[in-house]
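As a plain string of letters, each chain reads:
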Amino acid sequence: AVPDLSALSVRWDAGENASWAAELWTGDYQGDWQALLAALFAADIPKVSHNVKDLMRTLLDAGLPAEGFVFDTALAAYLLDATAGKYDLPRLFVSYFNQELEKPTHLEPEAFSPLGDQAAAWAALHSYGAAIEALHGVLLPRLREQGMEKLYFDVELPLCRVLADMERSGFLVDGGALARFGADLSDTIDRLEQRIYAAAGQQFNINSPKQLGKVLFEDLGLPHGKKTKTGWSTNADVLEKLKDHPLVADVLTYRQYAKLKSTYADGLLKVIDPDGRIRTSFQMTVTATGRLSSTEPNLQNIPTRTELGSKMREMFVAAPGHVLVDADYSQIELRLLAHISGDEAMRAAFTTGADIHTATAAQVFHVAPGDVTHEMRRRAKAVNFGIVYGISAFSLSQDIGVTMAEAKAYMEAYFATFPGVRKYMDDVVAKAKEQGYVETLFHRRRELPEIRSSNFNMRSFGERVALNMPIQGTAADIMKLAMVAVEKRLKKELPEAKLVLQVHDELIVECPEDQAAAAAKLLEEEMEQVAHLSVPLTAEAHWGRNWLEAKG
């Protein structure tokens with residue numbers, strides 16, 4: 001919910017182990033409410049609050065300062081328990097103090113009218129203010145105890161303002177092009193429907209797994225898996241194995257087009273603001289690895305792997321006279337694997353500037369780097385990234401289309417080439433079992449009770465998380481540090497340039513056209529210098545009129 005500035009609970013230290021509290025509402029306050037808010041939220045008034053990023057955005061939208069925040073109880077609770085999922089005040093108060101808060105009353109003006117339950121509203125305000133004060137007293141020492149104070153104050157808290165500004169800036173979209181794209185998708189979907197009906201010899205609901213399963217596996221007699229109570233499985237994995245059949249190939253294409261149209265072409269058109277920009281919300285307390293997520297709409301999930309999906313990026317454009325500058329890290333997770341594992345061969349590949357996938361393929365397939373084929377490199381790439389995610393030989397065989405024995409042989413050859421990686425994997429799992437958690441280079445922690453489970457599947461899940469979280473989480477920490485550093489320098493050197501989006505290892509800045517080269521240089525420098533590893537961090541920036549062009 002968007003924070004409401006019509007009522008505030010203000011608590012402050014009155015000295016002599018005492019504190020004062022006041023509950024304020026626009027209807028009761030006799031002075032200039034806007035001036036009071038401007039004074040309270042000025043930089044020289046240190047403030048502790050809950051969900052600071054959302055409050056900052058509300059303040060900025062109201063033309064008020066959004067400075068002086070020294071603690072966010074929601075963010076602190078998230079760092080201390082990244083898998084809790086929910087960080088609202090009543091839940092946290094029960095977790096830390098085993099007490100229920102006053103039931104919150106929605107603070108609408110009528111709640112304070114003579115007909116409303118004014119006492120309940122005041123009580124809710126008071127208890128929420130007291131809860132934030134109490135939680136601050138408990139959470140700050142715990143952050144210190146777990147070594148996360150620096151991560152909190154240098155990364156998470158400063159990022160609140162960066163994200164609030166990004167949310168307000170939004171990303172310009174070519175609505176006309178998006179509508180035309182949607183119409184083209186509709187035409188193709190209609191043609192695919194008719195082809196599917198003709199091939200099936202009947203009309204049916206293509207979106208119904210039950211009806212589709214009957215057509216494919218009963219009427220056409222295609223190979224199938226086990227039948228369940230609801231019918232045959234028609235998920236992507238099942239259909240991918242049957243895609244040589246023209247009807248199945250058309251169904252897969254139909255699903256791809258239908259998803260693009262409903263989620264992106266139609267979905268994005270509905271959320272374009274009057275100024276032509278789409279404004280996402282960045283969620284800071286959702287993922288267990290520390291990565292940011294984007295919602296309403298999710299702009300981090302714009303498809304890129306297909307040509308059609310990539311075309312969506314053409315719809316995201318710069319304002320007239322401006323360009324988009326896109327910078328992304330090169331293979332940051334593999335570079336972190338080289339650094340954290342200490343493997344000399346992998347470090348050498350990155351230090352000399354060799355292509356890591358070609359270098360891996362040369363070692364695994366016992367050929368010279370110049371003799372590595374495209375297919376060899378593709379398989380080596382799958383192994384490289386699979387290892388980071390704790391992939392099994394079975395999953396690797398499915399990914400690259402080889403037998404399980406071949407996949408196992410590739411993995412053994414990989415570990416023979418990079419013995420430090422195998423040692424790291426063994427050590428990190430053993431350490432996680434011993435201490436019950438894993439952490440990033442910046443001490444972001446994830447508790448892992450699953451790794452001690454007697455259940456094989458739960459324990460296996462815990463082991464995969466233990467392998468991946470330190471790497472993926474450190475990558476998230478580095479990207480957040482980079483965002484804070486980039487924003488600080490942009491405000492100082494290129495104030496007309498604005499960060500508009502972050503997607504995993506990628507940052508996008510919108511700036512005047514004549515500042516493109518300077519913005520690109522700034523992005524590369526800050527992203528590369530924000531952390532010092534035993535292998536170089538590299539970032540590359542390009543620019544263009546739209547997101548696709550800016551990807552280079």
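Procedures and definitions
Residues numbered from 1 in each chain as written. Predicted model: local features only at pLDDT ≥ 70, side-chain atom pairs only at ≥ 80, totals over all residues. Heavy atoms only, no water. pLDDT = per-residue confidence, 0-100. Contact = heavy atoms within 4.5 Å. Phe/Tyr/Trp six-rings, centres within 6.5 Å; stacked < 30°, edge-to-face > 60°. Buried < 20%, exposed > 50% of the residue type's maximum accessible area, 1.4 Å probe, protein only. Lys NZ or Arg CZ within 6 Å of the ring centre and 35° of its normal. Pairing = 2+ DSSP bridges. Helix = DSSP H or I, 4+ residues; strand = E, 2+ residues; numbered from the N terminus. Axes fitted to C-alpha atoms, helices over the stretch in contact; angles between N-to-C directions. Expected span 1.5 Å × (residues − 1). Arc of directions from axis to C-beta.

The subject of this paragraph is the confidence of the model for the protein chain. Summary statistics for the protein chain give a mean pLDDT of 91 and a share of 95% for residues scoring 70 or more. Note that residues 105–116 has pLDDT below 50 and, in this model, 21 contacts with residues that lie over four places away or in other chains.

This part covers the packing of aromatic side chains. In this structure the tally under the stated criterion is 15 aromatic pairs. With a centroid separation of 6.0 Å and 70° between ring planes, the pair formed by Tyr 197 and Phe 204 is classed as edge-to-face. The class of Tyr 197 is buried, set by a relative accessible area of 14%. By relative accessible area, Phe 204 is classed as buried at 8%. Taken together, the aromatic side chains of Phe 71, Tyr 152 and Phe 153 make up a single cluster linked through ring pairs. The residue whose ring lies beneath Lys 47 is Phe 69, and the NZ or CZ to ring-centre distance is 5.5 Å. Here Arg 445 stacks its cationic end above the ring of Tyr 437, 3.7 Å away from the centre of that ring.

Pairing in this open sheet of 4 strands is antiparallel, and the strands run S12-S13-S9-S14 from one edge to the other. Looking along the sheet, the strands with just one partner apiece sit at the ends: strand S12 (498–503) and strand S14 (539–544). The mean inter-strand angle of the sheet, taken between neighbouring strand axes irrespective of direction, is 20°. Two strands pair when backbone bridges link them, and strand S9 (residues 322–329) and S14 are joined in this way by 6 bridges, in the antiparallel orientation. Bridge assignment links Asp 328 to a residue of S14, and that residue is Glu 540.

Attention now moves to the environment of Phe 394. Of note, Phe 394 is situated in helix H16 (residues 393–400). For the pair Phe 394 and Leu 60, spaced 334 residues apart in sequence, the C-alpha to C-alpha distance is 52 Å.

Attention shifts here to helix H20 (residues 516–529). The α-helix advances 3.6 residues per turn, and as a result positions three or four apart in sequence lie on the same side. Here H20 spans 20 Å end to end across 14 residues, near enough to the 20 Å set by a 1.5 Å rise per residue. Those residues of H20 not exposed but buried are Ala 516, Ala 519, Ala 520, Leu 522, Leu 523, Glu 526 and Met 527. One face of H20 carries all of its buried residues, which in axial projection span an arc of 165°. Tucked into the core, H20 has its buried residues touching S9, helix H19 (456–493), strand S13 (506–512) and S14.

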